[in-house]
Amino acid sequence: MNELRIRIAGEMLTLHSQRALFWSRKRILFVADTHFGKGAVLRRAGMAVPTGQTLADLIRLDALIAHYQPTRLIVLGDLVHGVTPADTAWIGQVNVWRQRHAMVEMSLIAGNHDRHFNACELGFDVIEHQLKLESFTLRHAPCSIADSYVLAGHVHPGVAIKDGWRRHRLPAFRFGRGCGLLPAFGALTGLHQVPVEPGEKVVAITPDGLIELPMRMD
Amino acid sequence: MPTSSTTSAAWRRAEARLRAWFATLDRKPAAFQRAAWKAWAEGRNGLIHAPTGTGKTLAAVGGPLIDAVLNPARGLQLLWITPLRSLATDTAQHLTTAVEAMELPWRVLRRTGDSSSAERARLRRGDCELLVTTPESLALLLSYPDVAERFRHLRGVVVDEWHELIGNKRGTLLQLGLSRLRGLKPELRVWGLSATLGNLDEAMQTLAGDGVLIGGSDNKKIQIQTALPDAGERFPWAGHLGLKQLACVLRAVLDVRSALVFANTRSQAELWHEALAAVWPEAPETLAVHHGSIDPKLRFAVEEGLRQGTLRCVVATSSLDLGVDFSSVDRVIQIGSPKGVARLLQRAGRSGHSPGLSSKILCVPTHLLELAEIAAARRALAAHHLEPRHPLRGCLDVLAQHMLTRALGGGFHADQAYTEVRSTRAYAQLPRAQFDAVLAYLQHGGTALAGYPEYHKLQCDLDGHFYVESKRVARLHRLSIGTITADGSLQVRYMKGARLGAVEESFVSRLRPGDRFLFAGKHLELVRVRDMTAYVRQASNRQGGVPRWMGGRMPLSNELSTELRRTLADADAPEAEMRALHPLLAIQRAQSRLPDVDEVLIERTHTRDGEHLFVYPFAGRLAHEGLAAVLGYRLAQIAKADYGYAVNDYGLAITARKLPALDAETMRQLLHPWGLRRDIRASINLTELARRQFREVARVAGLVFNGYPGQDKTLRQLQVSSGLLFDVLRQHDPEHPLLWQAEREVLDQQLDYPRLRDCLIRIARGKILYVEPPRLTPLSFPLWVERLRGGVHADDWKSRVERMTTTLEAAAGR
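Residues numbered from 1 in each chain as written. Chains lettered and ligands numbered in written order. Predicted model: local features only at pLDDT ≥ 70, side-chain atom pairs only at ≥ 80, totals over all residues.

## Some details on the overall build of chain A
Step number 1: Helices and strands together make up the secondary structure of chain A, namely three helices and 16 strands.
Step number 2: A compact globule built from 218 residues would reach a C-alpha radius of gyration of about 17 Å, and chain A, at 17 Å, matches this within 12%.
Step number 3: Expressed as lengths along the three principal axes of its C-alpha atoms, the size of chain A is roughly 50 × 45 × 30 Å.
Step number 4: Considering chain A as a whole, with its 218 residues, one finds that 46% of them fall into the buried category.
Step number 5: Of the contacts made within chain A by residues no fewer than 6 positions apart, 66% connect residues no fewer than 24 positions apart. (Helix = DSSP H or I, 4+ residues; strand = E, 2+ residues; numbered from the N terminus. Rg over C-alpha atoms; globule rule 2.2 N^0.38 Å. Buried ≥ 20, exposed ≤ 12 C-beta atoms within 10 Å, placed from the backbone. Contact = placed C-beta atoms within 7 Å.)

## With respect to the overall build of chain B
Step number 1: Across its full length, chain B carries 32 helices and 27 strands.
Step number 2: In chain B, which comprises 814 residues, the proportion classed as buried is 49%.
Step number 3: Of all intrachain contacts in chain B linking residues separated by at least 6 positions in sequence, the fraction that spans at least 24 positions is 76%.

## Here's the deal with the environment of Cys-128 of chain B
Residue and element names in this part refer to chain B.
Step number 1: On the secondary structure map, Cys-128 appears in the loop between helix 5 (117–124) and strand 4 (130–133).
Step number 2: For Cys-128, a count of 21 C-beta atoms within 10 Å corresponds to the buried category.
Step number 3: Those residues in contact with Cys-128, other than ones at most four positions away along the chain, are Leu-76, Arg-107, Val-108, Leu-109, Arg-122 and Leu-123.

## Some points on the sheet that holds strand 7 (residues 125–127) of chain A
Residue and element names in this part refer to chain A.
Step number 1: The sheet built from seven strands is open, its strands ordered 1-2-3-4-5-6-7 with mixed pairing. The sheet is open, and its two edges are formed by strand 1 (3–8) and strand 7, each paired on a single side. Across the sheet, the axes of successive neighbouring strands diverge by a mean angle of 25°, strand direction being ignored.
Step number 2: Relative to strand 5 (residues 72–75), strand 4 (residues 28–31) is paired through four bridges, and the arrangement is parallel. Bridge assignment links Ile-28 to a residue of strand 5, and that residue is Arg-72.
Step number 3: Its contacts with the sheet put helix 2 (residues 53–68) on strand 2 (11–16), strand 3 (20–23) and strand 4, and the angle it makes with strand 4 is roughly 155°. (Pairing = 2+ DSSP bridges. Axes fitted to C-alpha atoms, helices over the stretch in contact; angles between N-to-C directions.)

## Some points on unusual backbone geometry
Residues and elements named next belong to chain A.
Step number 1: If you check the backbone angles, Asp-78 has positive phi at about 55° while not being a glycine.
Step number 2: By the C-beta count within 10 Å, which is 27 here, Asp-78 ends up buried.
Step number 3: Phi is positive for His-154, which is not a glycine, with a value near 70°.
Step number 4: With respect to the helices and strands, His-154 occurs in the loop between strand 10 (149–152) and strand 11 (157–163).

## Structural notes on the pairing of strand 5 of chain A
Residues and elements named next belong to chain A.
Step number 1: Here strand 5 runs beside strand 6 (residues 105–109); their pairing, made up of four bridges, is parallel. Note on strand 6: the bridge partner recorded for Arg-72 is Glu-105.
Step number 2: Crossover handedness for the path strand 5 to helix 3 (residues 89–100) to strand 6: right-handed. (Right-handed = clockwise from strand over helix to strand, strands pointing away.)

## Let's talk about the nonpolar core
Step number 1: Ranked by size, the top nonpolar core spans 281 residues in total, and within it Val-261 and Ile-333 of chain B carry the most contacts.
Step number 2: For Val-261 of chain B, the contacting residues outside a window of four places in its chain are Val-249, Trp-272, Cys-313, Val-315, Ile-333 and Ile-335 of chain B. (Core = buried A, V, L, I, M, F, W, Y, C linked by C-beta atoms within 7 Å.)

## Details of the domain arrangement of chain B
Step number 1: As assigned here, chain B comprises domain 1 (9–215), domain 2 (222–382), domain 3 (414–464), domain 4 (489–538) and domain 5 (592–684 + 751–798).
Step number 2: One C-alpha centre belongs to domain 1 of chain B, the other to domain 5 of chain B; they are set 49 Å apart. (Domains from an automatic or database assignment.)

## Examining the sheet that holds strand 13 (residues 359–364) of chain B
Residue and element names in this part refer to chain B.
Step number 1: Strand order across the open sheet formed by six strands is 8-13-12-9-11-10, with parallel pairing between neighbours. The two strands at the open ends of the sheet, each matched to only one other strand, are strand 8 (222–226) and strand 10 (287–290). Across the sheet, the mean angle from the axis of one strand to that of its neighbour is 20°, orientation sign disregarded.
Step number 2: Each of strand 9 (259–262), strand 11 (313–316), strand 12 (331–335) and strand 13 is contacted by helix 11 (residues 246–254), which is oriented at about 165° to strand 12, the strand it contacts most.

## A look at helix 9 (residues 169–184) of chain B
In an α-helix, one turn spans 3.6 residues; hence positions three or four apart end up facing the same way.
Step number 1: Compared with the 22 Å implied by 1.5 Å per residue over 16 residues, the 23 Å span of helix 9 of chain B between its first and last C-alpha is a close match.
Step number 2: Counting buried positions along helix 9 of chain B yields 13 of 16 residues, so the element is predominantly enclosed. (Expected span 1.5 Å × (residues − 1).)

## Structural notes on the environment of Arg-34 of chain B
Step number 1: Of note, Arg-34 of chain B is situated in helix 2 (residues 31–41).
Step number 2: Separated by 25 residues in sequence, Arg-34 of chain B and Ala-59 of chain B place their C-alpha atoms 7.1 Å apart.

## Comments concerning the packing of helix 2 of chain B against helix 3 (residues 56–70) of chain B
All names here are of chain B.
Step number 1: Where helix 2 meets helix 3, the closest approach of the two axes is 8 Å, and the angle between their N-to-C directions is 40°. Taken together, the axes of helix 2 and helix 3 are oblique relative to one another. Relative to helix 3, the crossing made by helix 2 is right-handed. Contacts from Phe-32, Gln-33, Ala-36, Trp-37, Trp-40 and Ala-41 of helix 2 reach helix 3 at Leu-58, Ala-59, Ala-60, Gly-62, Gly-63, Pro-64, Ile-66 and Asp-67. (Parallel < 35°, antiparallel > 145°, perpendicular 65-115°, else oblique. Left-handed = near helix turned anticlockwise from the far one by under 90°.)

## Overview of the confidence of the model for chain B
Step number 1: Per-chain confidence: chain B averages 85 in pLDDT, with 87% of residues scoring 70 or above.
Step number 2: The ipTM assigned to the predicted complex is 0.77, against a pTM of 0.82. (pLDDT = per-residue confidence, 0-100.)

## A few points about helix 18 (residues 432–444) of chain B
Residue and element names in this part refer to chain B.
Step number 1: If you check helix 18, its first and last C-alpha atoms are 18 Å apart, about what 13 residues at 1.5 Å a residue would give, namely 18 Å.
Step number 2: Listing the buried residues of helix 18 in full gives Phe-435, Ala-437, Val-438, Leu-439, Tyr-441, Leu-442 and Gln-443.
Step number 3: The inward-facing, buried residues of helix 18 abut helix 16 (396–408), helix 17 (414–422), strand 15 (459–460) and helix 29 (737–750).
Step number 4: Phi turns positive one or two residues past the end of helix 18, at Gly-445, with a value near 110°.

Structure below.
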């Protein structure tokens, strides 16, 4: 199952196994923590990482945009991983990709990694701190806000699921009472595993689709 | 440059100075010590083997000291390599005493990961003649461009506790470091100190090449006693904690002035310490715990307590096997089987150091069958069947680290470096193609096919000279040298700052703030986790888990298991242990069979869990795990089903809802060595195992940069999980040398492939006893209670998801 529709703060949201969230009534596609150019940053520090990760991520975004036909894409922070020289390949790739989707409005809620890089140059309008959109508040780092449901990234949430003698660590969507976390979109990002809180809705992403973890009231 | 002949008057005068100092200590140089001094003077290399506390240090340092009296010189003369940082201080003190006794103007310095900056500065100025250091710090010294200048005056290297290094990657790193030093100083003398091993010749050749083997007094008697269960007492058939014997151990400890209690795992040590503490009648500070995850400072305090005799009892793991020097204790107690003969010998040697006294060790079985292991260990020891420790071969990750060090330390040409690397035992058979693949990895990132722009670790100029240009690469490399020992662990610290040690990340990740756990003999409460550190505070009451450390359980050694098969088959074994075991073995014989030495027993039983197939090759848990997977896979060829498996040191169990019809002949075919390698690949998800193994490989080879506490923010940006890199590399660069290294380590180390193959050959040559007992037998019961370790079944994500959803729902519905 590649899609899962859930109701959060009175709105129907669609979760996609490509680590994205679509708000169909507003036609907004959300992703978080794309970390474009991370491979290049690592290579420059002497770590052997093959190229092509950013390009692969852009192709995944292409598919999502083609599928949902959103009018707006909002990235919940950490669009880019760090500074690299202007002629690094991924910057050109992102620019070409941006032009391909000129009709889609693209916004970035600035995250901690984004302070090194001016995302306006990539054709994003940059929103500092947070953006309030009807019943949601969009942020990079999670927090709780009265009378508003927070959607955030930053954490790279993951869960560990026991499967017989094995444990699988999987990226996940997590929706608490006042705050929902999106998994990191970038392929070269890690996971941060936090124990599931009571009452929290967790949707894990397996290579074969989404599974919703049953709620446990412990 | 050999010293003037050992018969010369000058040499004898210098030696007399050393003998005079021995006399002031009321001792005489032992024959092996004098032999070592003489061999040094003759310019030879060698290995000195003797039990701990018999004067190996003085045997090794005597030669260089006499040499220094005869040929005084300034600048670094002697390198002393020790495996543990915490040992360095101790050794340096010990050596200083000897230097002063010889009235030499030598300055002794220590260079380890925790040396002060003043010490480092002195070292940079060349202000010392004797340097005590670790393999990693040596590698670091070799990574500076002025390396030739630093070691210009070096005459010799002594490697302490070589037996602790020989079998692991640190030993490989050291071999490479020594090859570099030999390249700089061809006449360098290299000596090793080692405990007794089964392969001393190989150990010597690996370290010193052509040399002499000098043995210390080996005639110390060892008495192995056993805490036998009382007659009529119900003793467990399975288990590994052994707390049932607490009263007996407490008595044995309080009987004497000082005692060491050895446990096999760190968590076992923590639990035994806690249990003893609960009934400890003396002052609480006279009881302590010591294991490898406890902070060096705390460990050192315990060692100091042992030295000064303020501690009455220390519960320890193999962390105290390492030559921590303290005058011996009165009694050594081993909880559970020692799993190896050499280890038992070494632990026993911790008691009764004084000449003429025998070493005594009290073995405490944790379950009944361990009685047989103890009896077997005694037999193996009497026959002097000790385990060998073989050096690792051709580790490409260590090679990658060394080649970068080599490039930083003055650069190299490929041909010349290849020759130098091949001069080590570890890489003697390294094909040029693999060497070039490692250079290509450092130069381009991987094989030439995959793209790695911006990656410039190693550069090569037009003359073929390899060097490192980037200051950042140099800095990161120096920071990551020495991460061979570090595992993915978190520091444990009090909120106020005092460090307690390290626990595995996987353990902490299961805890939430407020959860309690037992560590370093203390009840702690987790406050928060930040920057690779778990902050804790003292917990008010006692509850909570004990951290589990990976790789805690050693497999039963080949030597011990061979002897164990013989001992079990020996119907009239005279040992008290075997007599105590007699009723149990009688049950085994009555319900099933007891295998003879050339037989392998196979049992098939059913319980409420389903049908079980038990095979007892006695080949150690690692080999059994590989065999279980292969057997499960081969069974699935006969009848498709889900086969789960469990292993212990004696055998393996295959569990299924329904097993196909079997007999001795079918079992012979199922256990045939033919096609083993192919079936291992087919049965075990090698990729998944290699992915986990890749973590260490990537770290050693400098592919990932390990975070460490207090690092600055720019470094944190470089964190990436090795698992992700593994996937990316497999996808884009499947021929990458480090992928190959990870898979090889899984086969050789995790699954103990060589032993598995030998075991199958033995089974094929021997006789198969196939029995279908009506119920679980004394041999099968421990396997039945082991938790399932793995299994063979249809394994795509779709079916996994279905399976997980059902189990999750079942768990939630409970």
